[in-house]
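Close look at the chain arrangement
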Amino acid sequence: MSTAVVKITRSETYRTVTDALWQNNPISKQVLGICSSLAVTVQMNTAIVMALALTFVVATSNLIISLLRTSIPRNIRIIVEVAVIATLVIIADEVLKAFMYEISKQLSVFVGLIITNCIVMGRAETFAMSNPPGKSFVDGMANGIGYGSILVGVSFFREFLGAGKILGHQVVPRLAYDWGYMDMGLMLLAPGAFIVIGLFVWLEHTLLKKWH
Amino acid sequence: MSDSVKTILFATVLCLVCSLLLTTAATGLKVYQRENALVDRQKNILKAVGAVDPAQRYSGDAIKSLYRDHIKCVSVDEKGEVLSADTRAQQTIPLYLYLEGDQTQAYILPVNSRGLWGRIYGYLALETDGSTIAGFSVYKHSETPGLGGEIENQWFERNFVGKRIVDAQGDFVSIKIAKGAVADAVRKDLQPNYVDGISGATMTGKFLTQGLKDVLQTYEPVSIHFRNQGMLKIPEKALVCQPPS
Amino acid sequence: MENLISIFVNSVFVGNILLAYFLGMCSFLAVSKNLKTSLGLGIAVVFVLTITSPANWLIYHYLLAPGALAWAGLPGMDLSFLKLILFIAVIAGIVQMVEMVIDRYSQALYNALGVFLPLITVNCAVLGVSLFMVERSYTLSETVVYGMGSGIGWLLAIVSMATIKMKLRYADIPEGLQGFGINMITTGLMAMAFMLFSGITL
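Cut-offs used in this document
- Residues numbered from 1 in each chain as written.
- Chains lettered and ligands numbered in written order.
- Predicted model: local features only at pLDDT ≥ 70, side-chain atom pairs only at ≥ 80, totals over all residues.
- Heavy atoms only, no water.
- Helix = DSSP H or I, 4+ residues; strand = E, 2+ residues; numbered from the N terminus.
- Contact = heavy atoms within 4.5 Å.
- Areas by Shrake-Rupley, 256 points an atom, 1.4 Å probe, with all protein chains shown as cover.
- Buried < 20%, exposed > 50% of the residue type's maximum accessible area, 1.4 Å probe, protein only.
- Buried area = accessible area lost by both parts, 1.4 Å probe.
- Salt bridge = Lys/Arg side-chain N within 4 Å of Asp/Glu carboxyl O.
- Nonpolar A, V, L, I, M, F, W, Y, C, P; charged D, E, K, R; others polar.
- Pairing = 2+ DSSP bridges.
- Axes fitted to C-alpha atoms, helices over the stretch in contact; angles between N-to-C directions.
- pLDDT = per-residue confidence, 0-100.
- Polar contact = N/O pair within 3.5 Å; in protein donor to acceptor, adjacent residues only side chain to side chain.

Scanning chain A from terminus to terminus reveals 10 helices and two strands. Summarising the internal contacts of chain A: among those between residues at least 6 apart in sequence, 76% fall at separations of at least 24. Accessible surface, chain A: about 9400 Å² in total, of which carbon and sulfur atoms supply 69%.

Below, the structure written as structure tokens:
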């Protein structure tokens with residue numbers, strides 16, 4: 001059993017995934033992708049859908065660009081990357097509008113803004129252009145999950161503190177409100193998002209320092 | 001093959017593949033998207049009258065059957081009369097009626113108001129006495145989330161139920177959004193004509209107040225019919241309405 | 001007219017594209033280390049936004065919107081799903097042109113801004129403004145005013161951030177909070193300050 005665990009932890013895939021989650025978490029270490037992320041963190045369900053959409057786009061674009069990496073002409077490299085990413089984002093947006101209408105209304109323009117999300121372009125340029133498809137796909141998934149973890153974490157605090165709910169279900173009991181507890185309205189507004197993510201990253205950095 | 005030819009060839013093939021993928025996705029999914037928009041619209045009309053519980057999830061078919069059974073959309077002219085299918089009137093406006101069997105229980109007006117950032121779309125439902133609000137729901141807006149965006153929340157919309165659009169003398173005054181809580185900001189005798197405002201969203205409140213006044217003014221002839229007769233005469237073959245875009 | 005002024009003032013302050021809608025943060029965080037470059041980039045963003053927003057409006061209303069191609073005899077076409085790709089292509093093209101113009105007329109500015117100009121292409125704020133313009137069904141004049149206002153709001157935010165960072169160099173910040181953490185908290189406090197303007201009636 002322990003040899004199996006050791007084998008897994010030594011494998012390349014595991015290292016790629018934990019790398020993206022911890023040491024090189026796209027948002028904190030690489031300071032990427034926060035653009036569209038914070039606006040959808042008011043509720044957990046929108047954050048989760050956004051994270052899934054971005055993971056789909058990064059992983060698939062990494063895969064496609066890696067498959068094409070030897071045939072892309074040098075001078076239109078960036079344009080090709082943007083074209084592939086834009087196509088995938090539009091497909092994701094259309095699928096969401098067709099099958100998850102309520103949530104896509106709340107996500108509004110922010111799904112489209114995945115095109116300009118630095119993570120997607122960043123991974124395509126720095127990883128997919130110089131690595132085989134399998135590894136690129138895993139790297140894309142891992143980065144998506146890293147991004148998603150921060151997004152869902154921030155949205156958990158914002159929804160819980162700002163509305164007393166988790167995933168739309170009332171968690172803070174009526175009793176607490178009667179006793180004078182009030183939701184922290186600031187959490188639902190923009191400043192709340194900035195402050196939560198600042199504190200979040202502080203926590204993550206401090207923990208990383210402690211464990212390494 | 002020279003570099004530039006290769007580049008052009010690659011670019012062309014990429015364009016073709018992407019266009020194909022996108023067009024297939026967009027046209028294939030359009031059916032579902034249209035359906036979703038339609039069900040959403042119907043759900044909001046039902047929500048305005050209180051026929052659906054905002055906290056519950058309903059399937060598309062459930063909404064469609066509820067709508068089919070209870071909502072009738074007719075065209076009315078400037079005199080507030082429902083037009084029959086054979087008349088050819090110039091200016092008609094749509095009116096939604098909420099029916100239980102054959103009895104009209106409420107009438108619903110489509111709201112298209114100016115907002116702070118863009119238009120605010122919703123539905124305002126009134127009782128058959130022509131003076132009391134039965135419900136209000138917003139389904140599309142571009143207001144600031146957390147501030148003006150609160151207009152789509154239950155607490156704001158619920159406040160409209162039971163409020164009056166006429167004053168104590170029976171004259172039309174419309175419904176207004178107060179600056180702050182009604183209990184603090186408004187005189188006791190005027191309170192039935194006001195709902196609580198949203199802190200930090202005074203402008204949204206101002207614009208919405210004007211927008212609601214405009215739509216209620218447009219439909220005043222219909223409301224007057226209801227105030228006087230408690231009902232609206234619907235001809236045998238009523239002209240089906242042109243739903244607002 | 002009052003409508004245009006209201007949109008302008010709101011997009012600079014209360015609905016600041018960066019502090020209220022979170023767009024344009026990548027370049028905001030990267031460039032705000034230096035006041036001069038922040039100012040330069042901010043002005044470039046204002047310029048790009050004021051030009052690209054109406055350009056995208058024209059493209060959307062005469063090519064992509066449902067019924068837009070009526071002038072070409074194709075009233076039933078709805079190409080709105082292509083707006084993401086076309087908007088970004090237009091933005092990339094215009095930024096390229098701005099870069100060439102700056103290169104031609106001011107070497108100093110070109111050297112100062114250098115790598116940041118292509119960054120404006122992927123600046124979410126520029127694409128975001130065009131997308132919001134479509135979502136809110138603005139007219140052409142409203143779009144121009146909204147674009148310029150958003151640009152100026154972004155400029156204000158990045159310049160304020162640069163000056164605050166200068167002050168923060170003398171502060172004793174805990175190690176874990178340095179860099180990203182303190183930047184975010186500062187931005188949050190700035191966002192709170194800008195929200196003050198919601199009390200102003202015009």
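If you check which residues of helix α1 (residues 2-12) of chain C are buried, you get Leu4(C), Ser6(C), Ile7(C), Asn10(C), Ser11(C) and Val12(C). On its buried face, α1(C) is in contact with β3 (103-114) of chain B together with α8 (140-168) and α9 (180-194) of chain C.

Turning to the interface of chain A and chain B, a few remarks are in order. Listed by partner, the interface residues are 21 residues for chain A and 21 residues for chain B. For the chain A face of the interface with chain B, the top three residues by lost area are Thr87(A), Glu94(A) and Tyr101(A), together amounting to 25%. Between Asp40(B) and Lys105(A) there is a salt bridge whose closest N-O contact spans 2.9 Å. Going through the elements one at a time, α5 (77-99) and α6 (101-107) of chain A are the ones with two or more residues in the side of chain A that touches chain B. When its residues are assigned to classes, the side of chain A that touches chain B shows 14 nonpolar, three polar and four charged.

Let us now look at the environment of Asp86(B). Residues and elements named next belong to chain B. For Asp 86, the location among the structural elements is in the loop between β1 (71-76) and β2 (93-100). Judged by relative accessible area, which is 63%, Asp 86 ranks as exposed. Counting along the chain gives 152 residues from Asp 86 to Ala 238, while the straight-line C-alpha distance between them is 8.6 Å.

Bringing the sheet that holds β1(B) into the picture now. Residue and element names in this part refer to chain B. Sheet architecture is open: five strands sit in the order β1-β2-β3-β4-β5, paired in antiparallel fashion. At either end of the open sheet lies a strand with only one pairing partner, and these are β1 and β5 (133-140). Taken pair by pair, the neighbouring strands of this sheet meet at an average axis angle of 30°, ignoring direction. Against the sheet, helix α5 (residues 202-218) contacts β2, β3, β4 (119-127) and β5, and its axis sits at roughly 130° relative to β3.

All names here are of chain B. Buried residues dominate β1, accounting for five of its six residues. Bridge count between β1 and β2: six bridges; the pairing is antiparallel. Bridge pairing links Ile 71 to Tyr 98 in β2.

Here the focus is the confidence of the model for chain A. A residue-level look at chain A finds 83% of positions with pLDDT of 70 or above and a mean pLDDT of 82. At the level of individual helices and strands, chain A shows its lowest average pLDDT in helix α2 (residues 12-21) of chain A, which scores 62, and its highest in helix α4 (residues 44-68) of chain A, which scores 92.

Another aspect to go through is the interface of chain C and chain A. The interface of chain C with chain A comprises 35 residues on the first partner and 37 residues on the second. Counting the surface lost from both chain C and chain A, the interface buries some 3100 Å², and carbon and sulfur atoms represent 84% of this. When the buried surface of chain C facing chain A is broken down by residue, Phe22(C), Leu84(C) and Phe180(C) rank first, second and third, together holding 23% of it. Here chain C and chain A share zero salt bridges between them. Taken together, the links from chain C to chain A amount to zero residue pairs in polar contact (both at pLDDT 80 or more). For the side of chain C that touches chain A, the secondary-structure elements that each account for two or more residues are α2 (25-31), α4 (83-105), α7 (124-135) and α9 of chain C. Across the side of chain C that touches chain A, the residue classes tally to 26 nonpolar, seven polar and two charged.

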